[in-house]
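# Reading the structure
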Amino acid sequence: NTRVLTGIRKRMYLEKTEHACAMLARHGVKVWGYFLLFQFWEEEGELRAETATEVRNSLRFAWRLWRSGKLHYTSWAPALPGKGAEFDNQDRRRGIVYAPNNTSDSTGGPRPFLPAVSRLEYRLLFAQARWLQGLMAITAGAVEWRNWRAIVHRALPMFPGRPKRMLAEALPPE
């Protein structure tokens, strides 16, 4: 999404990214894509945010690169500011404060500040990203099954409703 990449001041372009991924994959390097969902930035004094349509475009882009053998793994996370980063400073100026220990589906994440994105749509897009991440890891043989608790934790946003309570009842205590 050119608008988002320009807004967050990334000096990269989709075509160049695809070319770099292809070149690395051609030489046997496994390529990992790290994607942040629902980016924020300021433009002409106004807060802008990545739209649900742009997030879907990112998912399609990752899917296409994976299916063409140019991308092997992905990781998806909500865009949350780091202390002292421009993103953090702009949010604090605007009174946007995130709760500690944000997760993709927590009420402290970015979702409440996204215009025209419902909680359900946010969770469904995040779930699609996690499904793609899981599918890529499984097909690459890169799932560490000894780490099943972390896998279950990462899978929780994929299930609408009350999966935490349901899974907590189904899983044995630690």
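Bear in mind that the values here come from a model prediction, so they are computed numbers and not experimental data.

The rules behind the values
Along each chain, residue indices are assigned from 1 in the same order as the chain's sequence is written. In keeping with the predicted nature of the model, local features appear solely for residues at pLDDT of at least 70, side-chain atom pairs appear and are counted solely at 80 or more, and the whole-chain, interface and lining totals rest on all residues. In computing side-chain values, all of the structure's heavy atoms are included and hydrogens and water are not. In this description, a nonpolar core means a group of buried Ala, Val, Leu, Ile, Met, Phe, Trp, Tyr and Cys residues linked to one another through side-chain atoms lying within 4.5 Å. The cut-offs for exposure are 20% and 50% of the maximum accessible area for each residue type, with area from a 1.4 Å probe on protein chains only; residues under the lower value are buried, those over the upper are exposed, and the others partly exposed. Helix and strand definitions here come from DSSP, where helices need a minimum of 4 consecutive H or I residues and strands a minimum of 2 consecutive E residues; each element is numbered from the N-terminal end. Contacts were defined at the residue level, with two residues in contact if any of their heavy atoms lie within 4.5 Å. Here, any two strands with at least 2 DSSP bridges between them count as paired. Predictor confidence is given residue by residue as pLDDT, running from a minimum of 0 to a maximum of 100. To get an axis, a line is fitted to the C-alpha atoms, and for a helix only the part in contact is used. The angle between two axes follows their N-to-C directions and goes from 0 to 180 degrees. To sort the angles, those under 35 degrees are grouped as roughly parallel, those over 145 as roughly antiparallel, those from 65 to 115 as roughly perpendicular, and the leftovers as oblique. Side-chain classes are defined by residue name, with Ala, Val, Leu, Ile, Met, Phe, Trp, Tyr, Cys and Pro counting as nonpolar, Asp, Glu, Lys and Arg as charged, and the others, Gly among them, as polar.

Moving on, we come to the nonpolar core. Ranked by size, the top nonpolar core spans 24 residues in total, and within it Leu-37, Phe-38, Leu-71, Trp-76 and Leu-114 carry the most contacts. Ranked by residue count, the leading element in this core is helix 3 (residues 52–67), at 7 residues. Apart from residues no more than four positions distant in its own chain, Leu-114 is found in contact with Phe-38, Phe-40, Ala-49, Glu-50 and Tyr-122.

A word on the pairing of strand 2 (residues 40–43). In the case of a regular strand, side chains alternate between the two sheet surfaces. As defined by bridge partners, strand 2 adjoins strand 3 (residues 46–49) across 4 bridges and the pair is classed as antiparallel. By the bridge assignment for strand 3, Glu-42 is matched with Leu-47.

Right, let's get into the confidence of the model for the chain. Considering every residue of the chain, the mean pLDDT works out to 77; 65% of them sit at 70 or more. Here helix 7 (residues 163–170) is the element of the chain with the lowest mean pLDDT, 49, and helix 2 (residues 14–26) is the one with the highest, 95. Every residue in residues 101–108 scores below 50 in pLDDT, and together they form 15 contacts with partners more than four places removed in sequence or on other chains. In the model, residues 170–174 has pLDDT below 50 throughout and makes 5 contacts with residues more than four positions away in sequence or in other chains.

What follows deals with the environment of Leu-80. Relative to the helices and strands, Leu-80 is located in the loop between strand 4 (73–78) and helix 4 (86–93). Overall, the relative accessible area of 29% leaves Leu-80 in the partly exposed class.

Two elements in contact, helix 3 and helix 5 (residues 119–139), have axes whose closest approach is 10 Å; the angle formed by their N-to-C orientations is 10°. On the basis of the axis angle, helix 3 is roughly parallel to helix 5. Residues Ala-52, Val-55, Arg-56, Leu-59, Ala-62, Trp-63 and Trp-66 of helix 3 form the contact with helix 5, whose participating residues are Glu-121, Leu-125, Gln-128, Ala-129, Leu-132, Leu-135, Met-136 and Thr-139. Looking at the contact of helix 3 with helix 5 residue by residue, the class counts come to 11 nonpolar, 2 polar and 2 charged.

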